[in-house]
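Geometric and topological summary
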Amino acid sequence: MSDTQTLIENRPPTVAVLFQERVAATPDAEAYRYPVPAPSGQGPDDWKSLSWGQAAERVYAIAAGLIALGVEPEQRVALSSSTRVEWILSDLGVMCAGAATTTVYPSTNAEESAFILADSESRVLIAEDAAQLAKARERRADLPALHHVVVLDAAAAVAEEGDPEGWVLSLADLEARGAELLAKRPEAVDERISAITADQLATLIYTSGTTGRPKGVRLPHDNWSYMAKAIVATGMVGPDDVQYLWLPLAHVFGKVLTSGQIEAGHVTALDGRVEKIIENLPVIQPTYMAAVPRIFEKVYNGVAAKARAGGGAKYKIFQWAAEVAREYARTSQDNFRRTGTASVPMGLRAKHKVADALVYSKLRDAFGGKLRAAISGSAALAPEIGYFFAGAGVHILEGYGLTESSAASFVNPGEAYRTGTVGKPLPGTEVRIADDGEILLRSPGIMEGYHQLPEKTAEVLEADGWLHTGDIGELSPDGYLRITDRKKDLIKTSGGKYVSPAEIEGQFKAVCPFVSNILVHGADRNFCSALIALDEPALLGWAEDNGLAGKTYGEVVADPRTREMVQGYVDTLNGNLQRWQTVKKFALLPRDLDVEHGELTPSLKLKRPAVEREFKHLIEEMYQGSREA
């Protein structure tokens, strides 16, 4: 048996035991770093730390507090908060009490939040602030199982007339109750932990489905214990790493990173404020971070816009450096695949050295200067953007997984990564491609099933453990997976040709530095069209240089000069496509797509049906007068 197999097969039964082992091994090592915001306008945030031992004290107090509230094993405790250190402490506290965490995005509206709380039968809600408390209070009549709301922000933990006695309390109150219980029964939490079994429910994550009600994905302790061991077994992370974690922890991608960190024992700096990412990177100086493609697209567009604002000469230098980066990345990756050495010709190496001094070094500094790798997941990263960053020395390792597979099923292996693929399966994960191209997975990370939905579970999970992912893909002879599309998103034109919208959308994001979101349409139509939303900061920067200074986003989008500019990029895109894939018509959206309007999931994935419903009139206008087969 290999060392990797031994590591995975000898995994602890639960996350709680994994956490206990980490605390025992390195009690004084730094575990978490978190910001304490400075008063408005009075300087940068102050960052503080918790050691593993200090974290354990709080985790045990939270766990004991939940026990004192009457929470029993496997009962659900909902957690609705942005990414912050209290999220992780609370989640670990829930699991150490033997209960299970129901994750809720803080952006979820009151109606859907109430559905999740009711469907999961959550007995306690740990809410971030007054806004999350208000949503629960508004729908309290629909939540008979909800006995308490614990508010992280102490000032917001205020009872109102009509609240049942003791219904609202602060996290500090909960921890105080826990400390009181532990003073009487010091073994209370340890007893709960020792009774937890590997197949016991640890997490209930509701998928942000594109249609209908979300489904609760049941993930037992063994899923996370396996993930922790498998992630470390890849060699992707180690004890000396510093992770910057801003992803929503209600999402499985963010959540799995917390398990890997416990196993590795490295530092995690947490701050869920997306607007603070650029400011935080030089302060934290992470060695690795995870993000969704939209973040890398925004960085790329921002760098291009800054170069353009510097004048024609600077922009030409950037464009030249971007092409050198892509050529360098392609050449080095191709050579590594063939020979095991990432060599490049001397002439290209010389050009790369010049471009590095002019452009790439500044880009790496913007990421904090110590970034060894960035992990991209949740959606496909446009290969041309991936090659740009790779050539610039910001190594983006694409990965792949689903909520139903505990997030991490594939990841690109360090130095041997291949842009445009999601890498190789994690140790212990099996993969096969069905006759219709669908990717099937089997591993200890696969869900138990959908909560209270046996029929839905049977649709995707076979009796022998194979999960139908709904994604289409191809495996290389040496095991690298390339995702080509969502099975349900493939479209067939009225001429009978199959088109992958994601492939076209990715290519457009690589050629147009102004795009924010794009949706390609064409199912049962005789040509493809596109809805295009532009990136506001980049667009307004362009507007200033093109006689449109002072105009609003909507006014700039409506101007014929903007359409002419975008048409140029569409023409470039079409030059790289097969005839039936080309975008014959497009419409510019009057605003960007967002989570608030329900067009993007909280992890920034496109909700195609929602976008097509919202902008149906624009789609119909593009096809008016066209001949349909």
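Our structure's up above, just so we're on the same page.
Residues numbered from 1 in each chain as written. Predicted model: local features only at pLDDT ≥ 70, side-chain atom pairs only at ≥ 80, totals over all residues. Heavy atoms only, no water.

1. Quick notes on helix 20 (residues 560-574)
An α-helix turns once per 3.6 residues; consequently, residues spaced three or four apart project the same way. Compared with an ideal rise of 1.5 Å per residue, which puts 15 residues at 21 Å, helix 20 spans 21 Å between its outermost C-alpha atoms and is within 8% of the ideal. Elements in contact with the buried residues of helix 20: helix 17 (501-511), strand 25 (528-534), helix 18 (536-544), helix 19 (553-558) and strand 26 (583-588). In this structure Asp-559 caps helix 20, since a side-chain oxygen of it lies 2.8 Å from the backbone nitrogen of Arg-561. (Helix = DSSP H or I, 4+ residues; strand = E, 2+ residues; numbered from the N terminus. Expected span 1.5 Å × (residues − 1). Contact = heavy atoms within 4.5 Å. Polar contact = N/O pair within 3.5 Å; in protein donor to acceptor, adjacent residues only side chain to side chain.)

2. Here's the deal with the sheet that holds strand 17 (residues 430-433)
Sheet architecture is open: four strands sit in the order 17-18-20-21, paired in antiparallel fashion. Whereas interior strands pair on both sides, the edge strands pair on one side only; in this sheet they are strand 17 and strand 21 (481-486). With direction set aside, neighbouring strand axes in the sheet form an average angle of 50°. Looking at chain direction, strand 20 (residues 467-475) and strand 21 are connected through five bridges and run antiparallel. Bridged to Ile-472 within strand 21 is Asp-485. (Pairing = 2+ DSSP bridges. Axes fitted to C-alpha atoms, helices over the stretch in contact; angles between N-to-C directions.)

3. Describing empty space enclosed by the protein
Using the criterion set out here, one finds three cavities of 30 Å³ or more in the structure. Of the voids in this model, the largest cavity is the one considered here, and its volume is about 60 Å³. Every residue lining the largest cavity is listed: Ser-80, Val-104, Ser-113, Leu-117, Leu-125, Gln-132, Lys-135 and Ala-136. At the level of elements, helix 5 (110-120) and helix 6 (130-138) are the ones that each hand at least two residues to the lining of the largest cavity. Broken down by element, the lining of the largest cavity gets its largest block of residues, three residues, from helix 6. Volume-wise, the second largest cavity comes out at about 50 Å³. What lines the second largest cavity is simply Leu-381, Gly-386, Ile-396, Glu-398, Asn-412, Tyr-417, Arg-418, Thr-419, Gly-420 and Thr-421. Taken together, the residues of the lining of the second largest cavity break down into three nonpolar, five polar and two charged. (1 Å grid on protein atoms, 1.4 Å probe; cavity = no way out; pocket = protein on both sides within 12 Å on 5 of 7 lines; lining within 4 Å. Points joined across faces, edges and corners; volume = space filled by probe spheres on them. Nonpolar A, V, L, I, M, F, W, Y, C, P; charged D, E, K, R; others polar.)

4. Thoughts on the environment of Gly-479
Turning to its location among the elements, Gly-479 is positioned in the loop between strand 20 and strand 21. The spacing of Gly-479 and Gly-423 is 56 residues in sequence and 7.7 Å in space, taken between C-alpha atoms. Beyond its immediate sequence surroundings of up to four residues, Gly-479 is in contact with Phe-410, Gly-423, Lys-424 and Pro-425.

5. Quick notes on the packing of aromatic side chains
Inspection of the entire model under this criterion finds 14 aromatic pairs. Taken together, the ring pairs connect Phe-296, Tyr-300, Tyr-315, Phe-318, Phe-367, Phe-388 and Phe-389 into an aromatic cluster. (Phe/Tyr/Trp six-rings, centres within 6.5 Å; stacked < 30°, edge-to-face > 60°.)

6. Description of a nonpolar patch on the surface
On the surface, Ile-317, Trp-320, Val-354 and Leu-358 cluster together to form a nonpolar patch covering roughly 320 Å² of accessible area. Put simply, the parts of the chain that give the nonpolar patch at least two residues each are helix 13 (312-339) and helix 14 (346-366). Its place among the elements puts Trp-320 in helix 13. (Patch = residues over 30% accessible without salt bridge, like charges linked within 9 Å, V, L, I, M, F, W, Y side chains within 5 Å. Areas by Shrake-Rupley, 256 points an atom, 1.4 Å probe, with all protein chains shown as cover. Salt bridge = Lys/Arg side-chain N within 4 Å of Asp/Glu carboxyl O.)

7. Things to note about the sheet that holds strand 8 (residues 201-206)
Strand order across the open sheet formed by eight strands is 7-6-5-3-4-8-9-19, with mixed pairing between neighbours. This sheet does not close on itself; its edge strands, each paired only once, are strand 7 (168-170) and strand 19 (449-450). Bridging between strand 6 (residues 148-151) and strand 7 involves three bridges; their strand directions are parallel. Within the sheet, the bridge partner assigned to Val-149 lies in strand 7 and is Val-168.

8. Quick notes on the state of the cysteines
Under the definition given, this model contains zero disulfides. Summary of cysteine pairing: Cys-528 is not part of a disulfide, and the nearest cysteine sulfur, belonging to Cys-512, is at 18 Å. (Disulfide = S-S within 2.5 Å.)

9. Observations regarding the packing of helix 9 (residues 221-233) against helix 10 (residues 252-264)
As a packed pair, helix 9 and helix 10 sit with axes 8 Å apart at the nearest point and diverge in direction by 70°. Here helix 9 lies roughly perpendicular to helix 10, going by the angle between them. Crossing handedness for the pair helix 9 and helix 10: right-handed. Taken together, the residues of helix 10 that come into contact with helix 9 (itself represented by Trp-224, Met-227, Ala-228, Lys-229, Ile-231 and Val-232) are Val-252, Lys-255, Val-256, Ser-259, Gly-260, Glu-263 and Ala-264. (Parallel < 35°, antiparallel > 145°, perpendicular 65-115°, else oblique. Left-handed = near helix turned anticlockwise from the far one by under 90°.)

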